[in-house]
Amino acid sequence: SLSAKVLAVMDWVPQRLLGLTFAVLSSFSQLCGDWLVFLKQGLSSSVDDLSSLAQNALNVSQATASQNKAALNVLLNRSIIVWLLIVLLFYIGSLF
């Protein structure tokens, strides 16, 4: 439906940026290829693909992913801090 397509378009950029953040915060050289595949998937990709990228960033398997909620929280908190710093840098840059 149209609403599903609009939602997919709106989700595309944030998902790719969060995936890039996961790659930068973990081992970029190991996740760069996975992120590029994720980037090229288009609108058909889902949250499962982002979840898989997060699991690769944490170096956990599907079976142990539910047991590593603390590690996922750390990764998400670091991602939030990175994006807050980026917004802060843009704000400081706009002052000059």
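Above this text you will find the structure in question.
The structure presented is a predicted model; accordingly, all values stated were derived computationally and were not measured.

### Remarks on the overall build of the protein chain
When helices and strands are tallied, the protein chain shows four helices and zero strands. Sequence-ordered secondary structure for the protein chain, helices as α and strands as β, is α-α-α-α. If one aligns the C-alpha atoms of the protein chain with their principal axes, the spans along those axes are about 50 × 35 × 25 Å. Within the protein chain, contacts between residues at least 6 apart in sequence are counted, and of these 54% link residues at least 24 apart. If you sum the accessible surface of the protein chain, you get close to 6700 Å²; carbon and sulfur atoms cover 68% of it. One finds the centroid of the 5 positive side-chain charges in the protein chain at a distance of 4 Å from the centroid of its 4 negative side-chain charges.

### Description of the packing of aromatic side chains
Counted according to the given criterion, the structure contains zero aromatic pairs. Here the basic side chain of Arg-16 rests over the ring of Phe-38, its NZ or CZ set 4.2 Å away from the ring centre.

Conventions and cut-offs
- Residues numbered from 1 in each chain as written.
- Predicted model: local features only at pLDDT ≥ 70, side-chain atom pairs only at ≥ 80, totals over all residues.
- Heavy atoms only, no water.
- Helix = DSSP H or I, 4+ residues; strand = E, 2+ residues; numbered from the N terminus.
- Contact = heavy atoms within 4.5 Å.
- Areas by Shrake-Rupley, 256 points an atom, 1.4 Å probe, with all protein chains shown as cover.
- Lys, Arg positive; Asp, Glu negative; His and termini not counted.
- Charge placed at Lys NZ, Arg CZ, Asp CG, Glu CD.
- Phe/Tyr/Trp six-rings, centres within 6.5 Å; stacked < 30°, edge-to-face > 60°.
- Lys NZ or Arg CZ within 6 Å of the ring centre and 35° of its normal.

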